[in-house]
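Each chain, written out:
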Amino acid sequence: MEVTARAPGKIILAGEHAVVHGYTAVASSIDLYTVVSLRLRSDEDTVKLKLNDIGLDFSWSVGRIKEVLSHLGSPFSSTPTSCSLETIKSLATLVDEQSFPETKIGLASGVYAFLWLYTSILGFKPATVTVSSELPVGAGLGSSAAYCVSLSAALLALSDSVKLDVSQKGWSTFKETEAELVNKWAFEGEKIIHGRPSGVDNSVSTFGNVIKFKSGVMTRVDSNMPLKMLITNTKVGRDTKALVANVSARKSRHPDAMCSVLNAIEAISDEWSTIIQSHAVDDLYLSANEEKLGELMEMNQGLLLSIGVSHASIENVLQTSMKYKLASKLTGAGGGGCVLTLLPTHISGEVIDKLVEELGSFGFQCFSAGIGGKGVQISFDHSS
Ligand SMILES: Nc1ncnc2c1ncn2[C@@H]1O[C@H](COP(=O)(O)OP(=O)(O)O)[C@@H](O)[C@H]1O
Ligand SMILES: C[C@@](O)(CCOP(=O)(O)O)CC(=O)O
Ligand SMILES: [Mg+2]
């Protein structure tokens, strides 16, 4: 039996970083997916992981996994549980034995997350797991969350923890309680990759659409605005864990100033959600709202600069889009990665083409993505 799960990436419209500290963010899923296929094997006694996007393959014998983890009390609890530091050290032993290339060491935490989710949810069953993604990895579009959500979904689909109708054909969504379980496990995976995730990324990847998120609580936002964003990948690599830690350190050094900044960001998120929920009565009203969203993006970006997560490449995108009177902000952790530019409904294709050409001349890559689609989905293959 083979199962495939796909989970979307996301854009944060307002409130990244602030959301880690209990302030509101607004995020939306995008129609770019990470796909995980999982096949249980009765012919082999190994767990194989193929990470196609980063060109790494792993193969562990089930015996070796048991040997390394058994003193920690494995098989672990099959209810969502955090991975202890001691367990991470043992998982690192399993990864190191596979000669992890030094140049890709920043990607190792994703493999620890895999091993934690795998051994907790499926125990020691032999299997082959393949991951591939349409999302750029480590660029602010929530690839880590899409990875954890799609992995959790595929593993749970073949576990005893959820009972699914395996006869369904094509993509299907989880029931609410099952989706909540997927989300909780994905959050545990995100903790291994991000250190201190807010939970917004795994929630929007699991449930899709547009959400508001504050202090671990998600509220669905019924967006009534046709939102179009140009996404520019500066291709400057960065690491969410390090950026989140830097913001926390700045907050401990300047608690009062940071509290004011984070409160201002929350006000921006709240206004975002009010505006996109309102019904446009005519074109004039829609344009006025688009202008307001553009201003909110400029303010949010200014505040993100003040907490230390912008970057010269991001500022370059901002200056360039400003020449065309378009507003932009970074999305995700910043420090490089992707920038959003709001494309108002009245904008001409010619202007977009010119902007894309100019941004391309700096080596940046521009694309657009559908905003606000479905969350995680699964599909069973009956032929294998
Ligand atoms: N398709 C993938 N294959 C392997 N690892 C992945 C994949 N997608 C995400 N990851 C893991 O997530 C990490 C990137 O997460 P992060 O720094 O939060 O950036 P973002 O979530 O914005 O893409 C990678 O270093 C890797 O560990
Ligand atoms: C900076 C943050 O708000 C978003 C990080 O998103 P990404 O991993 O850069 O896609 C962190 C979080 O909410 O967990
Ligand atoms: Mg991430």
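Under the annotation held in an unreviewed UniProt entry, the protein chain carries the name Mevalonate kinase and is attributed to Gossypium mustelinum.

Peer 1: Even after reading the chapter, I still don't get the UniProt feature "domain: GHMP kinase C-terminal" (unreviewed entry) in the protein chain, so can you show me in this structure?
Peer 2: Under the UniProt annotation, the feature "domain: GHMP kinase C-terminal" (unreviewed entry) is placed at residues 291–345. In this annotation, residues 291–345 is assigned 51% helix and 15% strand; the end-to-end C-alpha distance for the span is 11 Å.

Peer 1: Could you clarify how one ought to interpret the packing of helix α2 (residues 85–96) against helix α3 (residues 108–121) in this entry?
Peer 2: Here α2 crosses α3 at 110 degrees, and the two axes come no closer than 9 Å. What the angle tells us is that α2 and α3 run roughly perpendicular. Where α2 approaches α3, its residues T87, I88, L91, A92, L94 and V95 are matched on the opposing element by V111, Y112, L115 and W116. For the contact of α2 with α3, the residue count by class is nine nonpolar, one polar and no charged.

Peer 1: When you look at the pairing of strand β2 (residues 25–40) in this model, what are you seeing that I'm missing?
Peer 2: The side chains of a regular strand alternate, first on one face of the sheet and then on the other. Counting buried positions along β2 gives 12 out of 16 residues, so the element sits mostly inside the fold. Pairing of β2 with strand β7 (residues 210–214), which is carried by four bridges, proceeds in the antiparallel orientation. Bridge assignment links A27 to a residue of β7, and that residue is I211. Strand direction decides the pairing type here: β2 and strand β5 (residues 127–133), joined by seven bridges, are antiparallel. Following the sheet pairing, V36 is matched in β5 by V131.

Peer 1: Explain the environment of I275 here, please?
Peer 2: For I275, the position within the fold is in helix α8 (residues 255–277). Residues I275 and T232, spaced 43 residues apart in sequence, show a C-alpha to C-alpha distance of 24 Å. Excluding its chain neighbours within four sequence positions, the residues that come into contact with I275 are M225, N289, K292, L293 and L296.

Peer 1: Before we go on, may I ask you to explain the domain arrangement of the protein chain in this structure?
Peer 2: Buried accessible area, meaning the area lost when the parts come together, often serves as the stated size of an interface. Splitting the protein chain by domain gives domain 1 (2–219 + 372–381) and domain 2 (226–368). Computed over C-alpha atoms only, the centres of domain 1 and domain 2 are separated by 27 Å. Of all residues in domain 1, L13, H17 and Y23 bury the most surface against domain 2, accounting for 26% of the area lost on that side. The partner of E16 in a salt bridge is K329, with the nearest N and O atoms 2.9 Å apart. The biggest single contributor to the side of domain 1 that touches domain 2 is strand β1 (residues 2–14), with five residues. In terms of residue class, the side of domain 1 that touches domain 2 is made up of 16 nonpolar, nine polar and five charged.

Parameters and conventions
- Residues numbered from 1 in each chain as written.
- Chains lettered and ligands numbered in written order.
- Predicted model: local features only at pLDDT ≥ 70, side-chain atom pairs only at ≥ 80, totals over all residues.
- Heavy atoms only, no water.
- UniProt positions renumbered as here; feature names shortened; annotations may be inferred.
- Helix = DSSP H or I, 4+ residues; strand = E, 2+ residues; numbered from the N terminus.
- Axes fitted to C-alpha atoms, helices over the stretch in contact; angles between N-to-C directions.
- Parallel < 35°, antiparallel > 145°, perpendicular 65-115°, else oblique.
- Contact = heavy atoms within 4.5 Å.
- Nonpolar A, V, L, I, M, F, W, Y, C, P; charged D, E, K, R; others polar.
- Buried < 20%, exposed > 50% of the residue type's maximum accessible area, 1.4 Å probe, protein only.
- Pairing = 2+ DSSP bridges.
- Domains from an automatic or database assignment.
- Buried area = accessible area lost by both parts, 1.4 Å probe.
- Salt bridge = Lys/Arg side-chain N within 4 Å of Asp/Glu carboxyl O.

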